[in-house]
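The lines below spell out each chain.
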Amino acid sequence: MLEKYYKYKLDFRDYLILIKCGSFYECIDTDAFIINKIMGYKLKNLSSTFKVGFPVSIIDKVLNKLIESSINYIIVEDKII
């Protein structure tokens, strides 16, 4: 998942990237800090990176807050082929 995040971050530098993993959305590094600041969700330290996750059921709440804050975002679905 980290590789996918960094690949998208190269193409969408000015966007917050939300990666859907099953029934959760996850944000990594800088994006995790942004979600932590605007939503108050807990940061998880994974040795050299940070992550924030939240359930799919509250995505509308998060997206509304991002829109109110004028933060561009993209949603990536992490599908296993």
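Residues numbered from 1 in each chain as written. Predicted model: local features only at pLDDT ≥ 70, side-chain atom pairs only at ≥ 80, totals over all residues. Heavy atoms only, no water.

A. Quick peek at the overall build of the protein. Helix and strand counts for the protein come out as three helices and five strands. Helices and strands in the protein line up, N terminus first, as α-β-β-α-β-β-α-β. By the compact-globule yardstick of 12 Å for 81 residues, the protein fits well, its C-alpha radius of gyration being 12 Å. Across its three principal directions, the C-alpha atoms of the protein cover 30 × 25 × 25 Å. Pairs at least 24 residues apart make up 52% of the contacts formed inside the protein by residues separated by at least 6 positions. Between the mean site of the 12 positive side-chain charges and the mean site of the 10 negative ones, the protein shows a separation of 4 Å. (Helix = DSSP H or I, 4+ residues; strand = E, 2+ residues; numbered from the N terminus. Rg over C-alpha atoms; globule rule 2.2 N^0.38 Å. Contact = heavy atoms within 4.5 Å. Lys, Arg positive; Asp, Glu negative; His and termini not counted. Charge placed at Lys NZ, Arg CZ, Asp CG, Glu CD.)

B. Region of interest: the packing of aromatic side chains. Counting across every chain of the model gives six aromatic pairs. Seen in terms of ring centroids, Y8 and F12 are 6.4 Å apart; in terms of plane orientation they differ by 20°. Their pairing is stacked. Judged by its relative accessible area of 30%, F12 falls in the partly exposed class. On the basis of an interplanar angle of 80° and a centroid distance of 5.7 Å, the ring pair of F12 and Y15 is categorised as edge-to-face. The class of Y15 is partly exposed, set by a relative accessible area of 32%. (Phe/Tyr/Trp six-rings, centres within 6.5 Å; stacked < 30°, edge-to-face > 60°. Buried < 20%, exposed > 50% of the residue type's maximum accessible area, 1.4 Å probe, protein only.)

C. Inspection of the pairing of strand β4 (residues 49-55) at higher detail. Bridge analysis of strand β2 (residues 24-28) against β4 gives five bridges, and the strand direction is antiparallel. Bridge pairing in β4 places E26 opposite G53. Pairing analysis gives three bridges linking strand β3 (residues 44-46) to β4, with the strands arranged antiparallel. For L46, the partnering residue across the bridge sits in β4 and is T49. Remark: two residues form the turn of the hairpin made by β3 and β4, two consecutive strands paired antiparallel; S47 in that turn has positive phi of roughly 55°. (Pairing = 2+ DSSP bridges.)

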